[in-house]
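For reference, the chains in residue letters:
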Amino acid sequence: MAGIESKYIWHNGKFVEWDTCQEHNVMHWLHYGTSVFEWIRFYETPNGVKIFRLREHIERLFLSASVLDVQLEYTIDEVIDICIELIKKNELKSGYIRPIVYYGYKKMWLDPIGAEVNFSISAWVWGKYLSDKPVKVWISKYKRLHPETAEMAAKVWWYYFNSVLAHRDIAKKWFQEALLLDCNGNIAEWPWENIFFVKENTLYTPSVWNILPWITRDSIIKIAYQELGIKTIETQIPKDEFKNFDEAFFTWTAAEVTTIDSITDIDWIIKQYQQNLWLKLKDIYSKIVTGQIDNYKDWLY
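Small disclaimer: the values here were computed from a predicted structure and weren't measured.

(A) Molecular detail of the nonpolar core. The biggest cluster of nonpolar side chains holds 66 residues, and the ones touching the most others in it are Ile97 and Ile121. Excluding its chain neighbours within four sequence positions, the residues that come into contact with Ile121 are Ile9, Trp10, Val79, Ile82, Cys83, Leu86, Ile97, Arg98 and Pro99. Core analysis: the second largest hydrophobic core is formed by 23 residues, Phe52, Phe249, Trp278 and Leu300 among them.

Take a look at the structure:
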């Protein structure tokens with residue numbers, strides 16, 4: 001698999017060679033999307049390889065699994081240890097970890113109970129999503145899922161088909177990222193990321209209503225207040241309010257902090273001025289994940 005490869009995968013209790021991990025195509029998750037996952041990043045630091053907010057990610061994995069009525073046979077601490085050991089066995093210095101829990105073989109009716117439960121964790125080297133340059137955005141014709149259609153706090157595979165559609169739509173228009181509105185026409189999030197706006201030294205971001213409460217989002221809210229004294233207002237943001245903001249940026253495990261240059265279909269362009277808040281947050285976040293700020297060492301494993 002070009003660009004995505006490593007030596008070992010942890011699968012159902014043991015480490016196996018990457019190329020030998022194969023599955024049958026009659027699997028419940030493959031046909032119905034009954035899997036949950038996490039997307040975790042690790043970095044090379046002065047104190048060795050460290051995984052960013054690993055415990056919070058694994059706690060959410062367990063929460064997501066419970067939404068599918070899966071009770072994992074491992075504790076959170078055991079899964080944390082497995083992730084750390086996987087990175088060591090693969091001799092990786094920076095990259096991504098992808099734990100996934102899924103219903104497998106032996107059941108093909110809609111109800112997954114009775115199908116095998118599988119648990120795999122992969123890790124590989126992969127670069128940052130998007131470049132460091134400002135991103136040009138288009139508002140997608142697709143809406144974010146209605147909050148009453150699913151458990152929005154869970155990270156479930158089939159939710160992301162909505163994101164895939166939005167991304168393919170804007171790719172055909174030669175834009176770098178899509179912005180999804182919610183069912184009421186308010187700003188929701190990107191296919192993979194949360195959005196923040198800046199106005200008069202205050203951050204604004206959509207409230208957790210029909211979006212995933214992302215861990216990077218939580219990190220930025222805490223960093224902004226603890227390091228810069230900047231408060232964040234979580235609220236519903238109508239599309240028409242875009243032009244009232246000075247800056248906009250999005251956050252995600254893979255994108256970290258990436259600024260938005262323009263939102264073309266509503267004629268919004270970032271208001272350039274000397275001290276951009278997103279740039280300060282980006283710099284602080286980068287130093288935290290690479291172990292350069294002692295106050296956040298408990299976020300690194």
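(B) Looking closely at the pairing of strand E13 (residues 232-235). Where strand E12 (residues 202-206) and E13 come together, four bridges link them in parallel fashion. In the sheet register, Leu203 faces E13, and the bridge partner there is Thr232. This β-α-β element, E12 to helix H5 (residues 215-228) to E13, shows right-handed connectivity.

(C) Structural context of the side chain of Asn162. By the element assignment, Asn162 lies in helix H4 (residues 160-171). Separated by 2.4 Å, the side chains of Asn162 and Arg144 make a polar contact. Those residues in contact with Asn162 that lie beyond four places of it in its chain are Tyr142, Lys143, Arg144, Leu145 and Leu180.

(D) Representation of the packing of aromatic side chains. What the rule picks out here adds up to 21 aromatic pairs. Both rings, one in Phe196 and one in Phe249, keep their centres 5.3 Å apart while their planes meet at 10°; by these two values the pair is stacked. Of this pair, Phe196 sits in strand E11 (residues 194-199) while Phe249 sits in strand E14 (residues 247-252), placing them 53 residues apart in sequence. Phe196 sits in the buried class, given a relative accessible area of 0%. Note on Phe249: relative accessible area 0%, which makes it buried. With centroids separated by 5.1 Å and ring planes inclined at 75°, the aromatic side chains of Phe197 and Phe242 adopt a geometry described as edge-to-face.

(E) Representation of helix H2 (residues 54-67) within the structure. Compared with the 20 Å implied by 1.5 Å per residue over 14 residues, the 20 Å span of H2 between its first and last C-alpha is a close match. The complete set of buried residues in H2 reads Leu54, His57, Ile58, Arg60, Leu61, Phe62, Ser64 and Ala65. At the exit of H2 stands Asp69, carrying a positive phi of roughly 60°.

Quick notes on the rules
- Residues numbered from 1 in each chain as written.
- Predicted model: local features only at pLDDT ≥ 70, side-chain atom pairs only at ≥ 80, totals over all residues.
- Heavy atoms only, no water.
- Core = buried A, V, L, I, M, F, W, Y, C linked by side-chain atoms within 4.5 Å.
- Buried < 20%, exposed > 50% of the residue type's maximum accessible area, 1.4 Å probe, protein only.
- Contact = heavy atoms within 4.5 Å.
- Pairing = 2+ DSSP bridges.
- Helix = DSSP H or I, 4+ residues; strand = E, 2+ residues; numbered from the N terminus.
- Right-handed = clockwise from strand over helix to strand, strands pointing away.
- Polar contact = N/O pair within 3.5 Å; in protein donor to acceptor, adjacent residues only side chain to side chain.
- Phe/Tyr/Trp six-rings, centres within 6.5 Å; stacked < 30°, edge-to-face > 60°.
- Expected span 1.5 Å × (residues − 1).

By themselves, these are just geometric observations and shouldn't be taken as functional.
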